[in-house]
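# Fold and geometry: a report
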Amino acid sequence: MEFFKIRRDIPFMKNALVFNVISLVTFLAAVFFLATKGLHLSVEFTGGTVMEVSYSQPADVEHVRRTVSSLGYTDVQVQNFGTARDVIIRLPAVKGVSSAQQSDRTFQALKATDPGVSLRRVEFVGPQVGEELVSNGLKALAMVVAGIMLYLAIRFEWKFAVAAIIANLHDIVIILGFFAFFQWEFSLAVLAAVLAVLGYSVNESVVIFDRIRENFRRFRKMNTVETIDNAITSTISRTIITHGSTQMMVLSMLLFGGATLHYFALALTIGILFGIYSSVFVAAAIAMWLGIKREDLVKGERKRGEGDPNDPNAGATV
């Protein structure tokens, strides 16, 4: 399905160097903010107190969040847990205040606003658990990157694998750079969004790479630059439809999903926007700089006239 069709190829690769410089500057800025400011980690990573409370009727999560925030907490997480009447509250660790003191003070504040609230459980999450989550998260990221590289190297060619991974890591680092610069809370949900962006971004790269390979087989008179420009131009309609539909869903989560989904949707929004950019101006351009050519993707190609002159298939691509 196409909403529109572009008749002439857009010379994307003509300005590839300019866009790659922009990408490099953005990437270095993200690394700088990560190194100087660092990520504002949530309770899951830093440790703190987890409370589960239950109401006699569906809980007003926003009201609970305002009540807990009025106690001076800025990094509190409040969300439904199980049913609409059960709420889980995550409080950051406070120096000099025990977990029991935190939970007791918070519960008394909740009980003052609604006497029907009951305390189901209180747990303390130690910092060692957060360190384990960070370690497991980095392992998951490394496994995803390795899997993507292996898949692309087998399906296409190692130059495409290198180009796609650089483009994907470009997206991930920029997302983390945004969270470091604005000091947005980095939680497990955001980590899940980062991993989702890795898969989402590589999907766009695979579509473009597949069209490049197809063009190498179809248009033998085109050089590499012309082949890449044609591949990107011919997939623009698909890109707009796919990413537009996905962004509408993510935007609805961002606007109406509340505080629980806010940073998750924000990370996805940044990832989608930069994923489109990196697939065109980073992945395809790097593949071009690495010297991708027809012979890399079309194996066993023979020139017309070679082989048995009586063979009707002589000169055909194998």
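Provided above is the structure to which this section pertains.
Residues numbered from 1 in each chain as written. Predicted model: local features only at pLDDT ≥ 70, side-chain atom pairs only at ≥ 80, totals over all residues. Heavy atoms only, no water.

### Describing the nonpolar core
As a reminder of what qualifies: Nine residue types can take part in a nonpolar core, namely buried Ala, Val, Leu, Ile, Met, Phe, Trp, Tyr and Cys, and a core is a set of them joined through side-chain atoms within 4.5 Å. Burial classes follow relative accessibility: with a 1.4 Å probe on protein chains only, a residue under 20% of its type's maximum area counts as buried, one over 50% as exposed, and anything between as partly exposed. Counting from the N terminus, the helices are the DSSP runs of H or I reaching at least four residues and the strands are the DSSP runs of E reaching at least two. Whether two residues are in contact is decided by their heavy atoms, any of which lying within 4.5 Å being enough.
Grouped together as the largest cluster of nonpolar side chains are 57 residues, with contacts concentrated most on Met 13, Leu 152, Phe 160, Phe 209, Ile 212 and Ile 232. Counting only elements with at least two residues in this core, the list comes to α5 (127-155), α6 (158-182), α7 (188-218), α8 (224-234), α9 (236-256) and α10 (258-289). Ranked by residues supplied to this core, first place goes to α10 with 16 residues. The contacts of Ile 232, once residues within four sequence positions are left out, are Phe 12, Met 13, Ile 208, Val 280 and Ala 284. Among the nonpolar cores identified, the runner-up in size contains 18 residues, and Met 51, Val 53, Ala 59 and Val 68 belong to it.

### Digging into the pattern of salt bridges
One side chain can pair with another of opposite charge once the charged atoms of both are near each other. Our working rule: Should a side-chain nitrogen of Lys or Arg be within 4 Å of a carboxyl oxygen of Asp or Glu, the pair is scored as a salt bridge.
One pass over the structure, following the stated rule, counts 8 salt bridges. Between Arg 121 and Glu 123 there is a salt bridge, with the nearest N and O atoms lying 2.9 Å from each other. The class of Glu 123 is partly exposed, set by a relative accessible area of 41%. Residues joined in a network through salt bridges with shared partners are Glu 52, Arg 121 and Glu 123.

### As for the layout of surface pockets
Our working definition: Of the grid points, spaced at 1 Å and generated over the protein atoms alone, those admitting a 1.4 Å probe that cannot get out make up cavities, while open sets with protein on both sides within 12 Å along at least five of seven lines make up pockets; any residue with an atom within 4 Å of a point is treated as lining. Grid points are joined across faces, edges and corners, and a volume is the space filled by probe spheres set on the points.
Size it by volume and the largest pocket reaches roughly 450 Å³. In terms of lining, the largest pocket is formed by 21 residues, of which the most central are Val 76, Gln 77, Glu 185, Ala 259 and Thr 260. Residue assignment for the lining of the largest pocket shows that the elements contributing at least two residues are α3 (61-69), β3 (77-81), α7 and α10. Examining the composition of the lining of the largest pocket, we find that 5 residues originate from one element, α10, more than from any other.

That's the geometry; what it means functionally is another story.
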